Amino acid sequence: MQKRFIFSLIFIAISCGVSGQNHQKIEDLLSLSEVQFFELKMVESIETASEALALSKAANYSRGVVASNVYIAKVLSETGVFKKALEYLDAAEQEPYLSQAINAQVEISRLKGRAYSSLGMYELGIREFYKQLHSSKQIKSSENERNRALFWAHQNLAHTFSMMDQPDSVWTHLMIQEDLLAKNREEGSFYDFSTTYTAIGKEYIGKKEFSVAREYLDNAQKILRENESAYLYDVFAAYGDLEDALGNQDKAVEYYQMALQNSILNKNKKAEKNRIKVLSDYYFNNNMDTDQTNKYLSRYQALSDSLRLVNSQAVELIIHQFLNKQDTQFKKKTKNNGVVFAIIIIGVIGVVLFLFRKNYQKKIKLSHIEEELTEKEDLVETLVKESSENKFNELIESGRRNDPQFIVLFEELYPEIVAKLKKNDEGIKTSELTFCAMIYLNFSTKEIAEYTFVTVRAVQIRKNRFRKKHQIDSSVDLAEWIRKL
């Protein structure tokens, strides 16, 4: 609902006072791109916005250029192509119209903040969300509209500070959210109340103020049910956290399973994946039913692979369609230029110079095509590199969390290492593979001890046993020995 409202604000802001047939056509295209976006027709939406951008540039229509760039960036962000989205947002910020378009400033800062945070560049994300906050304060159309924009800026800041593990900052922005909500009782804002109460309840769980936490979670659930909302999985998951903190493991599992079933009911695959991961980790960390642990872990891996495949296919299709559109525009422009040049050459210089220029133009066309191909190859290479970097970062983070998914990710990235270890020791256990993986990734003795919840001495003893078992001299670096297997 937040995204749709902001999207509509941008459209309204750039639509006022538009004159001329070309400008109206651009506005119609932007309106169509908006509809396609919310119908999840991402390829069509980006194509429509690209057409609006080309017309806006040709008509020197600054408002159209800003909106088209923002619309394209939204589609790219939704499909995870954040670096490319940032390029379009930077282009929008260069337009003179932006200085008078407060709502567009708010949206650009929101999108840039989200992109930076998704890329793990949290400080840059925070900077953009503060810009979003500053721009939101400038909204003068109505107090409710301004408070709503301020609320969403503080919500983004609270979420990002949570990812940065800065609870004091999270708490500050949550309290401001609650104050802003108290000033805004508009119909349709119930979901903002629910998400804020759920977030505050989770913070109270961390503070071990369980009775207050339950009050907030009860209010969050009550608001959703009063408004007949089916999206209860976040509240159920928070109840599970509360019961776990109280030591009620069976009750916690019951709520986590309710959250999973609700996410399935609402056909939210991303939420379903997260809920399965929570259950898998909970069974594993609490030494509960091994069969259930393995079942949820298998479901998580299968769903993760499926979502990764669907997303990569969507990204590939969007980029393919997007570049094809650019190719078509380039060829059309080149063809039109060829006709103009031909008329001028025939009328002024004659057949000889016409042939010369035709040959010269072919060379330019080939050069442009080569440049386009090079840009495509660079883009594909960048996407592949980003995918590899994300997987490696996910591997390191899972190792730090002592996540059972760690060895699965390690084998996916370094299958030859795992194969060599298993060949060298056919009876090697999963725990030993995990230990070797941490050594191979240059985790220090202190880090291994910290992440696996044992003492440094215990890790040293384990290393000595490993050396003795495999007859490795004390002067040989274990990571180097694994590489040279």
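Structure first, text after, so check above.
Every value quoted in this text rests on a predicted model; they were computed, and no experiment measured them.

**Here we look at the overall build of the protein**
Inference 1: Of the regular secondary structure elements, the protein holds 22 helices and 0 strands.
Inference 2: Relative to its full complement of 485 residues, the protein shows a buried share of 44%.
Inference 3: Put simply, of all contacts in the protein between residues at least 6 apart along the chain, 57% involve residues at least 24 apart.
Inference 4: When the accessible area of the protein is evaluated, it comes to approximately 26500 Å², of which 51% is carbon and sulfur surface.

**Description of the pattern of salt bridges**
Inference 1: In total, this model carries 23 salt bridges according to the counting rule given.
Inference 2: The partner of K222 in a salt bridge is E226, and the shortest N-O contact between them spans 4.0 Å. Of the two residues, K222 and E226 are both situated in helix α11 (residues 210-226); the distance of 4 residues between them amounts to about one turn of the helix.
Inference 3: The class of E226 is exposed, set by a relative accessible area of 55%.
Inference 4: Within this structure, D90, E93, K112, R127, E128 and K131 form a network of salt bridges that share partners.

**A few points about the layout of surface pockets**
Inference 1: By volume, the second largest pocket amounts to about 680 Å³.
Inference 2: Taken together, 28 residues line the second largest pocket, and the ones lying closest to its centre are F284, P404, T430, S431 and T434.
Inference 3: No other element matches helix α19 (residues 430-440), which puts 6 residues into the lining of the second largest pocket.
Inference 4: Residue composition of the lining of the second largest pocket, grouped by class: 15 nonpolar, 9 polar and 4 charged.

**Focus: a nonpolar patch on the surface**
Inference 1: A cluster of nonpolar residues, F356, Y360 and I364, forms a patch on the protein surface that exposes about 330 Å² of accessible area.
Inference 2: Counting through the fold element by element, I364 comes out in helix α16 (residues 351-400).
Inference 3: Its relative accessible area of 33% is what places I364 among the partly exposed residues.

**Digging into empty space enclosed by the protein**
Inference 1: By the definition in use, this model includes 3 cavities of 30 Å³ or more.
Inference 2: By volume, the second largest cavity is sized at about 60 Å³.
Inference 3: Looking at the second largest cavity, the residues that line it are Y191, S194, T195, T198, L224, Y231, L232, Y233, D234 and V235.
Inference 4: Secondary structure elements with two or more residues in the lining of the second largest cavity: α10 (190-206) and α12 (233-245).
Inference 5: With 4 residues, the top contributor of residues to the lining of the second largest cavity is α10.

**Topic: helix α9 (residues 167-182)**
Inference 1: Compared with an ideal rise of 1.5 Å per residue, which puts 16 residues at 22 Å, α9 spans 23 Å between its outermost C-alpha atoms and is within 8% of the ideal.
Inference 2: Taken residue by residue, α9 has V170, W171, H173, L174, Q177, L180 and L181 as its buried positions.

**What about unusual backbone geometry?**
Inference 1: A positive phi angle, near 60°, is found at F453, a position not held by glycine.
Inference 2: The phi dihedral of Q471 is positive, around 55°, even though this residue is not glycine.
Inference 3: Summarising the element assignment, Q471 is placed in the loop between α21 (456-470) and α22 (478-483).

**Quick word on the side chain of E107**
Inference 1: Locating E107 in the fold gives a position in helix α6 (residues 102-118).
Inference 2: Residue classification places E107 among the buried residues on the basis of a relative accessible area of 0%.

**Description of the packing of aromatic side chains**
Inference 1: Using the criterion set out here, one finds 14 aromatic pairs in the structure.
Inference 2: For the ring pair Y197 and Y216, a centre distance of 5.7 Å and an interplane angle of 65° mean the geometry is edge-to-face. Here the residue Y197 occupies a position in helix α10, and Y216 occupies one in helix α11, the gap between them amounting to 19 residues. A single burial state applies to Y197 and to Y216, both of which are buried.
Inference 3: Ring geometry for F406 against F410: centres 6.4 Å apart, planes inclined by 35°, an arrangement best described as tilted. Of this pair, F406 and F410 both sit in helix α17 (residues 405-413), 4 residues apart, which is roughly one turn of that helix.

Basis of the calculations
- Residue numbers here run from 1 along each chain, matching the order of that chain's written sequence.
- Totals for whole chains, interfaces and linings use all residues, but because this is a predicted model, local features are given only for residues with pLDDT of at least 70 and pairs of side-chain atoms are given and counted only at 80 or more.
- Values shown for side chains rest on all heavy atoms present in the structure; no hydrogens or waters enter the calculation.
- Each helix is a run of H or I in the DSSP string that is no shorter than four residues. Each strand is a run of E no shorter than two, and both are numbered from the N terminus.
- Buried means the residue's accessible area, taken with a 1.4 Å probe over protein chains only, is under 20% of the maximum for its type, while exposed means over 50%, and partly exposed covers the values in between.
- Contact criterion: two residues are considered in contact whenever any of their non-hydrogen atoms come within 4.5 Å of each other.
- For accessible areas, the Shrake-Rupley method is used with a probe of radius 1.4 Å. Any residue's cover is judged against the shown protein chains and nothing else.
- In what follows, salt bridge is the name for a side-chain nitrogen of Lys or Arg lying within 4 Å of a carboxyl oxygen of Asp or Glu.
- A pocket here means an open set of points on a 1 Å grid, computed over the protein atoms alone, that has protein on both sides within 12 Å along at least five of seven lines. A cavity is instead a set of points where a 1.4 Å probe fits but cannot get out; residues with an atom within 4 Å of a point line either one.
- Grid points are joined across faces, edges and corners, and a volume is the space filled by probe spheres set on the points.
- Three classes are used, and their members are as follows: Ala, Val, Leu, Ile, Met, Phe, Trp, Tyr, Cys and Pro are nonpolar, Asp, Glu, Lys and Arg are charged, and the others, Gly among them, are polar.
- Patch membership needs two things, relative accessible area over 30% and no salt bridge, and members are linked within 9 Å if like-charged or within 5 Å if nonpolar (Val, Leu, Ile, Met, Phe, Trp, Tyr).
- Between the first and last residue of a helix there are one fewer steps than residues, each counted as 1.5 Å, and that sum is the expected span.
- Working definition: a ring pair exists when centres of Phe, Tyr or Trp rings (six-membered ring for Trp) sit within 6.5 Å. Plane angles under 30 degrees give stacked, over 60 give edge-to-face, the rest tilted.

These results come straight from atomic positions and should not be treated as a statement about function.
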